[in-house]
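# Report on the structure
Take a look at the letters that make up each chain.
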Amino acid sequence: MNPFRFLLQFVGAQMRLNPGRSVITTLGIIASTCAVVWVVSGYDALVSQFDEDSEKYLGRYDLLIMPKPGPPGTEAPPIEASLVEELKSDAGVLEVNPVSQSRVTVNPVRTVSEDEKSSLDIVVGERPPVNGAPPLDPTLVSTPAVEPPYELLDGRWLSEDGEAKEIVIGELVAKEKKLSVGDDLKLISLANEVQLKVVGIVEQAPQAPSLIPRGRGGPPSGKRPGRPQRPQPKADESPSETTQTVLGMPKNFSQGIAANAIYVRPELAEWINGYASKPQVLQIAIRDTVTVHQFREVWEERLTSGRPAMLLVDFDTVRAGMEQTRTVSGQQAQAWAATGMATLAAIFIIFSTLSMGVSERTREFAMLRAVALTRGQIATIVAMESLLLALIGWGGGLLAGYAMLAVGSWLVPGWFGTSAVLGWGCIVLSGVTVLVGALGAAIVPAWRATRIEPLEAMTSKISTPGMHSWVVFGVIGALLSALTPLLVFALPMPDAWRAWAYGFLTYPTLLAGMICLAPAIVVFCETVIGPWVTHALGLDTRMMKTQLSTNLWRTVGATLALSIGLGLYASTQTWGYSMLKPFTPGTWLPDALVAFHPVGLDDEGIDDVRDVSGVRADRVMPLAVEQARFDWGDAEQPSRVQRDNAVLFGIDPAMAFADENPFLTFGFVKGDRVSAMEALQSGGSCLISEDFQMSTGLSVGDELSFTPPTAESERVTYRIAGVVSLPGWHWVTKFSGVRRHFVRTATVVFAGREDVQRDFHLHRTEFVWMDLEDDADLSSMESDLQSIAEQKSGETFVASGLGSVKAYRPFARMTASENVRKAIKIRADDMIWGMSYLPLITLAIMSLAIANTVIASVRSRTWEFGVMRSIGVTRGQLVRLVLAETILIAIGACVLSLIFGLIAGWCGVGMAQYVGWFAGPPNFIIPWSHLSIGFAMTIGLCLLAGLWPVVRIGRAEPLGLLQAGRGAQG
């Protein structure tokens, strides 16, 4: 007889004998496979559409020509008109479409209620874009193309009348903004606000390729930046214009042609932006008689050797760039995360099933060993059962996943995406996940089965782990768990080594520590919490005294299974809200910061601001604000300083640090308020933030130097007079417009207003800090402030790299501190809960392991329950006894997950100072209200999972229990 066939038949017979356990295990694997399908299908869809999306991106053109980018944080240089003319004169070129792109704020002309506003609506709203905020709206594309560059889906293309107030939008914009042909659209730039009518919608690729690796906000730490070039005034500019403050225009970061775009004629773009921009990208259509390869042979050397050097982008380049986008890398990371969690799910669900099977079949395995089977064949039985369960679950999971995608894409396309597919990547990845999980789960049960001796067939002795084993495991677990915070907070090592160790060593060590701690946690819950649970359920505490520890392996498996999802949920919530604390604006901030862009105010304008209703006239502080690069001299930039510039606030020291009712109430970490006021009044001194001090090691008495953006040959040096705590400066500067030149910044620095105005050549006041009346109406105030700003309509300002720009409609951007706090809270909640969905789904899947555990517990105690019923224990007491075991397992999982979550979250916050997310001393916030949701969900799922065995045991008669128990023992 074929031994393999015999073992397979034996495994099948065992699965038919215990169908409930097999079905529940299979359902768990199906659920975990569906989780992988859910996440990985989106990645498969992206990969499957790379070719189609690349064709959509190029449209009716064959090539793109664009300048190579300059240093990180700068815009690419424009394309010279001479190159455009040379290309047009080439006999092989059919069409050259010179395109310029700029950032604008785009709003449909309709009222949005307060409840519909997102976090970005609160801080951006109907205001011009700023450097600090990333591109949030569609990119404005100026094009002279006579025919639509992309397939027209609705309406018509732009007319040749350059002054027509019309616009064509991409399909992405139409979907996001809920627009159709005939709707009105409001465009807001730094120079103007215009209203246009949508006349057409064109097809576009769902995303733009990553054509050029570009940094944002400065060079890598340790690199000396190149000097920014001061814009040269044109010959026809008046002297007054050349002395104006230079303002950096918001960067659009578009690599090639923007996918999320709106289209206008160049004449209209000039009116919107206030300047005539030069081409930034050339769309090239070549004749049918010329191939892309031939065109590249003729032009590539001329393009790459020119000044500026050019890139030639064809279909292959776009196709390769599609694979490098953040969307693809994000989907890929999510796919790996889902795979890892599903693998753990499969391991613990199958491990729980096999461990129960080995425990229940000890006498059976002993008899098989006594008859003929070797240890290897016993191990093969366990492994085959594991693989068979995994294969059945995998097949069922793929069918269920396909049905989920088909139905879900139709009912809730926001969850799955209309293009989600069940591709080969998804099939292979889910299969590897399940099979690896099955083999991993079979190792310990197979080893236990091979340890069974033939003589054990003569006894039904239950092996109860002694105190020594779980104590030893607990000590080992505690030591392993302690290594993570030691590595993050105590052990000295270079930052790069610490980051590597944190990523590749600490989490496996922490996970191993939690596994070793699990037996001790189970015994702790049974010993300490068990009496409280049994008392609450009206049971004798002796009935649950050793139930969990008697079946320790089974209970530990269920506890660990639940702890996978719950532990990750706890760590995500703890890390997220702890990290949120230093980024939330503190009470040190005045009520509002108003930016008058792009022209600024004179002294009369500042007096008008004081007269605005709702503004406290005695609490208005004009500011001198500039964003300048550091000048480290011959020294290297500190490695923990990720950006090369700072925002300098020029303040009135006497008003800011007054003895009574000071305007700025931040706490001093080093130095004090009186000495700081005196130093700033004397001039040549500054205050720095606590996080910057920790990153650089600078302290009171040290010097900090800058290069003025408009005078690259000068050097401005201030002596540090104090270190202050400034929680939340990041988000306040991000959307308020104070990041005047660069998108990212390292810190904020406070100095005397006269110093900053003189040293950085600031000629007008652009920013005002103010406190408001308690009953101030922000909408009414913004309207009044806007009227003040519009008094400067028609004046010009100097834009970095562009020269003179005409401000048709200057803006007053009001950033209320309370609105920033509200927006951050909304955004943080969305992001943290978005990261928590997958752990909660894993937790729901793992509840099936509890069902298996309760079923096994009931089956192993059938004779015991029969005896208890015979001597007077009621049905209700039996039911409550099973419920008590289920609740204790859930509590054990909650305790273990809480320990893991607090350690992982705390260490994640501590690592921020080494990986660029640093915002000051680590804060440790435990969001108990949010954690209680996960704990309540765990207990609820456990009770739900144990419902079926509880109902069965409650309905059984004493005689039936005794007969079933005797049959199981015999």
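Residues numbered from 1 in each chain as written. Predicted model: local features only at pLDDT ≥ 70, side-chain atom pairs only at ≥ 80, totals over all residues. Heavy atoms only, no water.

### Brief notes about the overall build of the chain
Along the backbone of the chain there are 33 helices and 24 strands. Counting all 970 residues of the chain, 54% fall into the buried class. Across the chain, contacts joining residues at least 24 apart in sequence account for 85% of those joining residues at least 6 apart. (Helix = DSSP H or I, 4+ residues; strand = E, 2+ residues; numbered from the N terminus. Buried < 20%, exposed > 50% of the residue type's maximum accessible area, 1.4 Å probe, protein only. Contact = heavy atoms within 4.5 Å.)

### Re the sheet that holds strand S9 (residues 246-247)
Read across the open sheet, the 3 strands follow the order S9-S22-S23; overall the sheet is mixed. Of all the strands in the sheet, just S9 and strand S23 (803-806) have a single pairing partner and so form its edges. (Pairing = 2+ DSSP bridges.)

### Let's talk about the nonpolar core
Core analysis: the largest hydrophobic core is formed by 72 residues, its most contacted members being Met-514, Leu-562, Ile-850, Phe-865, Val-882 and Leu-896. Those elements that provide at least two residues to this core are helix H16 (467-490), helix H17 (495-536), helix H19 (552-583), helix H27 (817-860), helix H28 (862-870), helix H29 (875-910), helix H31 (928-945) and helix H32 (947-955). With 18 residues, the single largest contributor to this core is H29. Excluding anything up to four places from it in sequence, Leu-896 contacts Met-514, Leu-517, Ala-518, Ile-521, Thr-559, Leu-560 and Ser-563. (Core = buried A, V, L, I, M, F, W, Y, C linked by side-chain atoms within 4.5 Å.)

### A closer look at the pattern of salt bridges
One pass over the structure, following the stated rule, counts 28 salt bridges. Here Arg-740 ties to Glu-626 by a salt bridge, and the two come within 2.7 Å at their closest N and O atoms. In this pair, Arg-740 is assigned in the loop between helix H24 (729-736) and strand S20 (747-752) and Glu-626 in strand S14 (residues 615-630), connecting sequence segments 114 residues apart. Each member of the pair, Arg-740 as well as Glu-626, is classed as buried. Among the salt bridges present, the one from Arg-764 reaches Glu-795, with a minimum N-O distance of 3.1 Å. Taken together, the residues span a long stretch of sequence, with Arg-764 in the loop between helix H25 (753-759) and strand S21 (767-772) and Glu-795 in the loop between helix H26 (778-789) and strand S22 (796-799) at a distance of 31 residues. (Salt bridge = Lys/Arg side-chain N within 4 Å of Asp/Glu carboxyl O.)

### Topic: the environment of Thr-572
With respect to the secondary-structure elements, Thr-572 resides in helix H19. When the C-alpha positions of Thr-572 and Met-835 are compared, they lie 7.1 Å apart, and in sequence the two are 263 residues distant. Apart from the residues within four sequence positions on either side, Thr-572 is in contact with Ile-832, Met-835 and Ser-836. There is a polar contact of 2.8 Å between the side chain of Thr-572 and the backbone oxygen of Leu-568. (Polar contact = N/O pair within 3.5 Å; in protein donor to acceptor, adjacent residues only side chain to side chain.)

### Notes on empty space enclosed by the protein
Counted according to the given criterion, the structure contains 10 cavities of 30 Å³ or more. What the second largest cavity holds in volume is close to 110 Å³. In terms of lining residues, the second largest cavity is bounded by 16 residues, among which Arg-103, Thr-105, Pro-129, Leu-136 and Asp-137 are the most central. A class-by-class count of the residues in the lining of the second largest cavity yields 12 nonpolar, 1 polar and 3 charged. (1 Å grid on protein atoms, 1.4 Å probe; cavity = no way out; pocket = protein on both sides within 12 Å on 5 of 7 lines; lining within 4 Å. Points joined across faces, edges and corners; volume = space filled by probe spheres on them. Nonpolar A, V, L, I, M, F, W, Y, C, P; charged D, E, K, R; others polar.)

### Considerations on the environment of Val-472
Positionally, Val-472 belongs in helix H16. According to the relative accessible area criterion, Val-472 is partly exposed, its value standing at 34%. The sequence separation of Val-472 and Leu-517 amounts to 45 residues, and the corresponding C-alpha distance is 9.4 Å.

### A word on a negative patch on the surface
On the surface, Asp-591, Asp-618, Glu-773, Asp-774 and Asp-775 cluster together to form a negatively charged patch. With respect to the secondary-structure elements, Glu-773 resides in the loop between S21 and H26. The class for Glu-773 is partly exposed, based on a relative accessible area of 39%. (Patch = residues over 30% accessible without salt bridge, like charges linked within 9 Å, V, L, I, M, F, W, Y side chains within 5 Å. Areas by Shrake-Rupley, 256 points an atom, 1.4 Å probe, with all protein chains shown as cover. Lys, Arg positive; Asp, Glu negative; His and termini not counted. Charge placed at Lys NZ, Arg CZ, Asp CG, Glu CD.)

### Overview of helix H22 (residues 673-682)
Of all the residues in H22, the buried ones are Ala-676, Met-677, Ala-679 and Leu-680. Projection of H22 onto a plane perpendicular to its axis shows the buried side chains occupying an angular sector of 165 degrees, all on one side. As for H22, its buried residues are in contact with strand S15 (645-651), helix H21 (653-656), strand S16 (668-670), strand S17 (685-689), strand S19 (716-724) and S20. In this structure Asp-672 caps H22, since a side-chain oxygen of it lies 3.2 Å from the backbone nitrogen of Val-674. Two residues or fewer after H22 comes Gly-683, characterised by a positive phi angle close to 95 degrees. (Arc of directions from axis to C-beta.)

### Some remarks on the confidence of the model for the chain
Keep in mind that low pLDDT regions are not for reading the predicted coordinates in detail. Looking at the chain as a whole, the pLDDT averages 81, with 84% of positions reaching at least 70. Of the regions scoring below 50 in pLDDT, residues 214-242 engages in 66 contacts with residues more than four places distant in sequence or in other chains. (pLDDT = per-residue confidence, 0-100.)

### Some words on the packing of helix H4 (residues 81-89) against helix H9 (residues 292-304)
Orientation of H4 relative to H9, taken along the N-to-C sense of each, is 165 degrees, at an axis distance of 13 Å. Judged on the interaxial angle alone, H9 and H4 are roughly antiparallel. Regarding H4 and H9, the two cross each other, and that crossing is right-handed. Contact residues: H4 offers Leu-83, Glu-86 and Leu-87, while H9 offers Phe-295, Trp-299, Arg-302 and Leu-303. Its residues assigned to classes, the contact of H4 with H9 comprises 5 nonpolar, no polar and 2 charged. (Axes fitted to C-alpha atoms, helices over the stretch in contact; angles between N-to-C directions. Parallel < 35°, antiparallel > 145°, perpendicular 65-115°, else oblique. Left-handed = near helix turned anticlockwise from the far one by under 90°.)

### Brief notes about the side chain of Gln-693
Mapped onto the elements of the fold, Gln-693 is located in helix H23 (residues 690-696). Overall, the relative accessible area of 13% leaves Gln-693 in the buried class. At 3.5 Å, the side chain of Gln-693 and the backbone oxygen of Leu-698 are in polar contact. Setting aside its immediate chain neighbours within four residues, Gln-693 contacts Lys-670, Ile-688, Leu-698 and Val-723.

### Notes on the pairing of strand S2 (residues 93-103)
Taking burial as the measure, the 11 residues of S2 include 9 buried ones, the bulk of the element. Taken together, the 6 bridges between S2 and strand S11 (residues 281-286) define a ladder with antiparallel strand orientation. Each bridged residue has a counterpart across the sheet, and for Pro-98 the counterpart in S11 is Leu-282. Where S2 meets strand S4 (residues 139-142), 4 bridges bridge the pair, whose relative direction is antiparallel. Bridging across to S4, Ser-102 finds its partner in Leu-140.

### A closer look at the packing of aromatic side chains
Here the structure, examined in full by the defined rule, presents 21 aromatic pairs. Relative to Trp-299, the ring of Phe-295 lies with its centre 6.1 Å away and its plane at 25 degrees, an arrangement referred to as stacked. A residue pair is termed a helical-turn pair when its members lie 3 or 4 positions apart in one helix, as Phe-295 and Trp-299 do in helix H9 at 4 residues. Classification of Phe-295 by relative accessible area gives buried; the value is 4%. For Trp-299, a relative accessible area of 3% puts it in the buried group. Here Phe-630 and Phe-692 contribute two aromatic rings whose centre-to-centre distance is 5.4 Å and whose plane-to-plane angle is 15 degrees, an arrangement assigned as stacked. Taken as a pair, Phe-630 in strand S14 and Phe-692 in helix H23 lie far apart in primary sequence, 62 residues in all. (Phe/Tyr/Trp six-rings, centres within 6.5 Å; stacked < 30°, edge-to-face > 60°.)

### Brief notes about the environment of Pro-638
Examined against the element boundaries, Pro-638 turns out to sit in the loop between S14 and S15. Classification of Pro-638 as buried rests on a relative accessible area of 17%. Taking the C-alpha atoms as reference points, Pro-638 and Gly-697, 59 residues apart in sequence, are found 8.7 Å from one another.

### Description of the packing of H17 against H29
Where H17 meets H29, the closest approach of the two axes is 8 Å, and the angle between their N-to-C directions is 145 degrees. You can see that H17 and H29 cross each other, and the crossing is right-handed. The residue inventory of the contact of H17 with H29, partitioned by class, reads 21 nonpolar, 3 polar and no charged.

### With respect to the side chain of Asn-97
Position of Asn-97 among the secondary structure elements: in strand S2. Here Thr-143 takes part through its side chain, which lies 3.0 Å from a polar atom of the side chain of Asn-97. Side-chain polar atoms of Asn-97 contact the side chain of Gln-283, separated by 2.6 Å. Residues in contact with Asn-97, not counting those within four places in the same chain, are Tyr-61, Thr-143, Pro-144, Ala-145, Val-281, Leu-282 and Gln-283.

### Focus on unusual backbone geometry
Most of the time, phi is negative for any residue but glycine, and the peptide bond is trans. The amide bond that connects His-597 to the next residue, Pro-598, takes the cis arrangement and shows omega of -5 degrees. Its location among the elements puts Pro-598 in the loop between strand S13 (592-597) and helix H20 (603-610). Positive phi, close to 55 degrees, is recorded for Asn-661, a residue that is not glycine. Summarising the element assignment, Asn-661 is placed in the loop between H21 and S16.

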